[in-house]
Each structure stands twice: as structure tokens, then as C-alpha cells.
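Structural description and commentary
The lines below spell out each chain.
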2 protein chains.
Amino acid sequence: MPLAELCQAAAHRLPIADPSCYAYGPEQGGAEFRADLADFLTRHYGVPVQAGELLITAGASHALDLVLTRLCRPGDTIFVEDPTYFFALGIFADRHLRVVPVPTDPAGIDVDALELMLRTKVPRLLYTIPVFHNPTGVTLPEERRRRLAGLATEFGFLIVADEVYQLTGDLAAAPAPLRTFGPGQVLSLGSFSKILAPGIRLGWVEGPPDEINALQDCGVLRSGGGVAPVMCAIVSSAIQLGLQDSFLERACRIYSSRRQHMISCLSRELPAGVRFQVPHGGFYIWLELPASSDAVAMLAAGEASGVSFRAGPSFSPGQNFRNFMRLCFVFNEEKKLTDGVVRLAELIRSHW
Amino acid sequence: MPLAELCQAAAHRLPIADPSCYAYGPEQGGAEFRADLADFLTRHYGVPVQAGELLITAGASHALDLVLTRLCRPGDTIFVEDPTYFFALGIFADRHLRVVPVPTDPAGIDVDALELMLRTKVPRLLYTIPVFHNPTGVTLPEERRRRLAGLATEFGFLIVADEVYQLTGDLAAAPAPLRTFGPGQVLSLGSFSKILAPGIRLGWVEGPPDEINALQDCGVLRSGGGVAPVMCAIVSSAIQLGLQDSFLERACRIYSSRRQHMISCLSRELPAGVRFQVPHGGFYIWLELPASSDAVAMLAAGEASGVSFRAGPSFSPGQNFRNFMRLCFVFNEEKKLTDGVVRLAELIRSHW
């Protein structure tokens, strides 16, 4: 956690802060903070990001909720990958949306299957995690990104790209964000949760001006003003002083080291018949057990032996992936990961 | 604005903060912050407030939205006062609710009219501003509070009491918060925006445990964790160090002085036939012009002469109160208020 960085940023900013940051701020987020964020993203994404196309949110979950509130109506159909981020399903439920799963394969969302589905029903929007997917770890290749953006233009739907893991992996493994392939159709969600700290609760939507305007015209933002102006001012200092850059570099070194370690432990310890695709970023590894296995049935025994994982069905609108489990490798040090993998391998063997 | 207070609170807290405040926090808000807030409210409300009955939000607008999201469904009917807080109408629209206005009189919501309406239709909830009302400045007397809570119990609906102005006025003029009269039926919304600073974007819901649990089970909170843990930690220090108490005292002295000043300017300058009820707290004075006047038609001329007010119809689901205008007295110093009232009186005379 960036304890020193946030102390330093707050000590730098608060005594000199523009008093307007204590008042109600503009719905879109303050101009200085959006400029700092655009500068940071342009440098790290490797593609230009415009301050005018950013709207500040209280994290990516709030960003998603805001998009659903302002760009969908209750009863609308949305498409999601199967599997998808399980907590997003709760956000869709709160907005009373019909959720239709789209199949995925080892390269990400199955664009051929999607095209067939679109001939029958065009959704209001499609929610996708195109990079270091949660839970699968998969990154959508450029060719599919182009096809996906093309389908959105052809059939007329929006794509909401949850790109919170974009900066968490090997640079060479992450293509340009999805908006590059269809700036008029894609809203990109980002968050400081994976690159600075979840507890500051800041994120953003990057999208076409019309959609950004529609998001701003939200009842809560009109009433309370933009998200957390004081915290935005502190993070502006973190960016301006280079603290966000240096912390991200440090976080990525840790993420990468734990990822490599987890992969080698799993390769060594897991019984034959358990498979996983090697991720190049993100927080997760998606284990596929033999088809007859039941990860849900293993949860209680896992908890008893101190092994924590999430069973596949919770990631699936149709409760598929019963023989899958998601492992997280970023929150524990190497020694604990080793120990956890040994216990997990025992658990799997004992359930065989 | 509490510049020095927040600098001091941040400098006190960040170096010693529990690192868990940088991580995802509990959906309800952290236990320490809720305990500090409960202590603060108990002392200032003069009635006991339990930490377990508080849920932390990003201000009162977010609190209202959360209540509507989790305790209503699209298409539900809610009752509101006529007039009511105009920005709340945008929040109701985002949640696709049917908004039915209830008449008010100089003592607040008309409980006799409400009882008649309830015999035909019981709403999912009633939204009320029982203290230093926005826009009318009126405070609901104890006897009506008792009647209102009794009706909620009898007919089975929830009351959402927007009590953000509870601590902004003369102590003797504010009865105990509405929950005192019906703890099982009332959710109270509060905010640091009027007592510390809008830019920190923190507020709360105080309510019965079942409803607090339902609010916690929200998609965004499940996904992103509780609201702004780092900012909560800083405000914990502001409360523990007594900075919140001293700032509130200072703010109230300023609010009161500007309120008295505004009242005496209006009494002196306004033409006969313009009436207002003297408020004892809050931020606003609600002017009633003669019935044939049109405050909407005066907006442009007001802007041209540097006088800012909000015309009555925006506070009314049915666009009533065309001959009313809301004046705000807290954001300008006495000299500016004097000047504004002189210009306003001219404006009114010129439109007569």
C-alpha cells in the first residue's frame, strides 16, 4: 500500500490546495485532475487520452453503475462474457437488466458466436474485460479487438471495456486499450484501485463526448457535484510529483514476481489433469479441473485447510464452470503462495 | 472552508493510519469511523445514535440514491413534499419512480392531506426534509413528527428524512431527528457537506438494521467496498481531535450571522406584498411574491443584474410555486448580501 506516497501527496497538496476543492466540484471531475490523469494515461497507455473525454468516478464499479444508470433502462438487454467479473452481476441486478452471456474461448470473447447472436438480438451494450481478464487472465488479441469494435459499429451497440488491469502486467502483453479500435463505440473503465490503492476510491470513464455528457447529467452528480474533489486534489499531487509512476513501477514488480512464483508453484504441485492458461498480468489464475470435478463442493474443505479460492459458477450468469476455480496471486507474499498451492494440490487430490 | 482542520486531520492520521484503510473496506463503512460518527451525532443530536445503525455514503445524495436503489423498484410510487429539494427530483428520475406530491403548509408537510392520500394509495416511501427545509426553511413541529411517524407505521411505508440541515441552525429551533418518533420506519440522511466541506463527499444513512443490511447488499458496494476509507480515516481524526466540533461551531456562527443579516435586509428592502417565513437554520429563505408574479420570467433579468436565485417551479413535481423564489444566504459575506437584496428588491419592483 502506498502509505508514504499518499502522506507525501497530502502534505504537498492540502496546505496549498485551491479552496474550491473543498466545495461542490464540477460533475465531470475538476479540470486539473482530469488533465493530470490524461497525462498519466497517455504516457502509460501509449495512446493519447483527452481530459475532455474523462469523467471521474468513485472506482470502476461506480463507473459501471453510472453507465448502466444513464445509458440503459430497466429491462434492457446487455451482453456479458461467460465467465465475467462476478461482482458486476450484482451491479446489473441492481439496475434490473437482462443479462445474456456470450461464450469465450482461450483467446477471449468468441466474436463469431457474438456475431450470430447479434443477428437475433442487439443489446444496449456489451460488457467486456479485454485485458488480463477477471477471472480467466486472458487478453483479447488485436485482431479480435478490431472485429469486436467493428460489430459494435455495424449493429449499433456500445462496448463497456473494463480495463482496470491494463497497467498491471507485462507491457508487451497488453495491446492498446479497446477504444483505440472504436473510439465512438467504446467506453473504457479504469481505476486507481489496482495501481495506487482501493481505499482512495477513485476511477474514471473514458468515452465519446456525447456519452460523457449523458453520464454527467446524473441525479446524484447534479446534486452532490463531482466525485471526491479533495481526494482528487491529493492524487493530482501524487501524479505531479511522480509518486504515482514510481508506485506503479513498484506494484508491477511485486505483481509480476508473485505471478511468476504462483505459476511455477502450480506447475510443480498440481496433479496432472489440472490445467491453466498462463496470464501475463492481472491478479488471477483460472484453474480448470477435470470435467467431473466440483469446485463448489471443495469450498468448505478449502476454507478449513486455509486455502482461499472462488468457485467457477459465481462468475457465470448460467452457473457454468463448476470445474473451475479462480486463484488470486497478488495479495500474499511468495512464501504464503507456496504454502497455499501445496495445500490446494492436496485438496484437489483428496477430492478426486 | 475547513482548510486548516483538514490539513491537521490528514497530518495526524495518514502517518499512523491503519494500512487497512488503503484496502477495500467493509460495505457499511469502517467500525472506527462509524463509532466516531455515532459519538459525534449523539452529542450534537442530543439523542443516542448507534454505530451499528449507520452506513457511510458519499454524501446525502448518494445516500438517497442508495435507498431508492435497494428499497424501491422501478415504477414504484414515492411521495414527496411540494415543494421539495429540486435535485432530488433528478435522482428519482434516474431510478424510474412515480413521484406524487403531498401538499405543505407553513408548518411543513400537511399530515391531514397525507392521511387522505394514503387511504387511496400507499407509497413505497415518503421523502421529507423535516428540518430547516430546502427550499422553505420550515421545521416540522414535534406534534406533526409524531403524526407522520404514526401514519408510516399504520399504513406501512418508510420515511426517508433528509436531515442534512439538522445541525445548521438554532439549537432550540430543531426538534430531535425524525427517527426519534419512529425508529423502525425512518431512515435519516446526513452529510458532512453542511458541517465540514462538500468536497470531502461523505455522508450517512441512519436506519433500522434490516434496512441498513439491505443497503449494504448493493452491487457497487459489494464490488468496490465501503465508501472512501482513506477520507473516512482523515475525518475520524477531525472528530477525535475536536476539529469537527470547533469547525461546526464556527460555521454555525457564520450561518446564523448571515441569516440574521439577510432577514433584516429583506425586511427593510422588500416591497410590501412580498412575504417570507423567518427560518431558524438551514441555508435558504423562500420568498412569496404576489400571486400574479412570475419568478421564472425574472431569472434572466436577475442574472443580468448579478442577483442569483432559484425560481419556485423547479422545486415542484407539478411546476407549482411560480410566484416563489429561493434565496441562499450562506455562501456570501454580509456586504454582498446587502447589495444583493437591494438589487433583488429593484428587480421585483421593476417586474411588478
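Numbering of residues starts from 1 in every chain and runs along the sequence as written. The lettering of chains begins at A and the numbering of ligands begins at 1, in the order of writing. The predicted nature of this model means local features are confined to residues of pLDDT at least 70 and side-chain atom pairs, given and counted, to a pLDDT of 80 or more, with totals for whole chains, interfaces and linings taken over all residues. Only hydrogens and water are set aside when side-chain values are computed; all heavy atoms of the structure are taken into account.

**Details of the pattern of salt bridges**
All names here are of chain B. Put simply, the rule reads: Take a side-chain nitrogen of Lys or Arg and a carboxyl oxygen of Asp or Glu: if they are within 4 Å of each other, that pair is a salt bridge. Each helix is a run of H or I in the DSSP string that is no shorter than four residues. Each strand is a run of E no shorter than two, and both are numbered from the N terminus. Burial classes: relative accessible area under 20% of the type maximum marks a residue as buried, over 50% as exposed, and values in between as partly exposed (1.4 Å probe, protein chains only).
Scanning the entire structure with this criterion turns up 46 salt bridges over all chains. In this structure, Glu5 and Arg250 form a salt bridge, with 2.7 Å as the shortest nitrogen-oxygen distance. Of the two residues, Glu5 sits in helix 1 (residues 3-13) while Arg250 sits in helix 10 (residues 243-269), which places them 245 residues apart along the sequence. Residue class for Arg250 comes out partly exposed when judged on its relative accessible area of 32%. When the shortest N-O distance is used, the salt bridge between Arg43 and Asp245 registers 2.7 Å.

**Focus: the environment of Phe276 of chain A**
Residue and element names in this part refer to chain A. To keep things clear, this is the line we draw: The contact criterion used throughout is that any non-hydrogen atoms of two residues lie within 4.5 Å.
Its location among the elements puts Phe276 in strand 9 (residues 275-276). Separated by 13 residues in the primary sequence, Phe276 and Ile263 have C-alpha atoms spaced 9.2 Å apart. Excluding residues that lie within four positions of it along the chain, Phe276 makes contacts with Ile263, Leu266, Ser267, Leu270, Ile285, Trp286 and Leu287.

**Quick word on the sheet that holds strand 4 (residues 108-109) of chain B**
Residue and element names in this part refer to chain B. For clarity, the threshold we go by: Here the rule is simple: two strands pair whenever DSSP picks up at least two bridges between them. Only the contacting stretch of a helix is used when fitting its axis, a line to C-alpha atoms as for every element, and angles between N-to-C directions run 0 to 180 degrees.
Spatially, 1-8-7-6-5-2-3-4 is the arrangement adopted by the 8 strands of the open sheet, whose pairing is mixed. Among the strands making up the open sheet, the edge pair consists of strand 1 (54-57) and strand 4. Here 6 bridges tie strand 2 (residues 77-82) to strand 3 (residues 98-105), and the two strands are oriented parallel to one another. For Glu81, the partnering residue across the bridge sits in strand 3 and is Val102. Those strands touched by helix 7 (residues 209-216) are strand 1, strand 6 (158-162), strand 7 (186-191) and strand 8 (203-206), and its axis lies near 30 degrees from that of strand 1.

**A short note on the interface of chain B and chain A**
What counts is decided by this rule: In this description, buried area is defined as the sum, over both parts, of the accessible area (probe of 1.4 Å) that is lost when the two are combined. N or O atoms closer than or at 3.5 Å make up a polar contact, with two conditions inside protein: a donor-capable atom paired with an acceptor-capable one, and, for residues adjacent in sequence, both atoms drawn from side chains.
Listed by partner, the interface residues are 45 residues for chain B and 45 residues for chain A. Interface area for chain B against chain A, summed over the two sides, is near 3,700 Å², with a carbon-plus-sulfur share of 66%. Linking chain B to chain A there are 2 salt bridges. Taking the shortest distance from any N to any O, the salt bridge between Arg70 of chain A and Asp94 of chain B comes out at 2.7 Å. Counting the contacts that link chain B with chain A gives 18 residue pairs in polar contact (both at pLDDT 80 or more). Those elements that provide at least two residues to the side of chain B that touches chain A are helix 1, helix 3 (60-71), helix 4 (86-94), helix 8 (219-224) and helix 9 (229-240) of chain B.

**Some words on the relation of the copies chain B and chain A**
Here is the rule we go by: Overlaid copies result from least-squares superposition on C-alpha atoms, with residues included only where pLDDT is at least 70 in both.
Least-squares fitting of chain B to chain A yields an RMSD of 0.0 Å, with the superposition described by an axial translation of 0.0 Å and a rotation of 180 degrees. With respect to symmetry, the two chain copies, as superposed, fit the operation of a two-fold axis.

**Notes on the packing of helix 10 (residues 243-269) of chain A against helix 12 (residues 334-350) of chain A**
Residue and element names in this part refer to chain A. The line we're drawing: An angle counts as roughly parallel when it lies under 35 degrees, as roughly antiparallel when it exceeds 145, as roughly perpendicular when it falls between 65 and 115, and as oblique in every other case. Each crossing is labelled by how the near helix is turned from the far one, with a counterclockwise turn of less than a right angle marking it left-handed and a clockwise turn marking it right-handed. In this classification, the charged set is Asp, Glu, Lys and Arg, the nonpolar set is Ala, Val, Leu, Ile, Met, Phe, Trp, Tyr, Cys and Pro, and all remaining amino acids, among them Gly, are polar.
The interhelical angle for the contact between helix 10 and helix 12, taken along N-to-C directions, is 30 degrees, at an axis separation of 9 Å. Taken together, the axis directions place helix 10 and helix 12 in an arrangement best described as roughly parallel. Helix-helix and strand crossings are classified by hand; for helix 10 and helix 12 the assignment is right-handed. In this structure, helix 10 contributes Ser257, Arg258, His261, Met262, Cys265, Leu266, Arg268 and Glu269 to the contact, and helix 12 contributes Glu334, Leu337, Thr338, Val341, Val342, Leu344, Ala345 and Arg349. Residues that form the contact of helix 10 with helix 12 fall into these classes: 8 nonpolar, 3 polar and 5 charged.

**Quick notes on empty space enclosed by the protein**
Test applied: A pocket here means an open set of points on a 1 Å grid, computed over the protein atoms alone, that has protein on both sides within 12 Å along at least five of seven lines. A cavity is instead a set of points where a 1.4 Å probe fits but cannot get out; residues with an atom within 4 Å of a point line either one. Grid points are joined across faces, edges and corners, and a volume is the space filled by probe spheres set on the points.
One pass over the structure, following the stated rule, counts 7 cavities of 30 Å³ or more. Within this model, the largest cavity holds a volume of roughly 550 Å³. Taken together, 35 residues line the largest cavity, and the ones lying closest to its centre are Ala58, His62 and Val227 of chain A together with Ala58 and His62 of chain B. Put simply, the parts of the chain that give the lining of the largest cavity at least two residues each are helix 3 (60-71) and helix 8 (219-224) of chain A together with helix 3 and helix 8 of chain B. A total of 5 residues in the lining of the largest cavity trace back to one element, the largest contributor, which is helix 3 of chain B.

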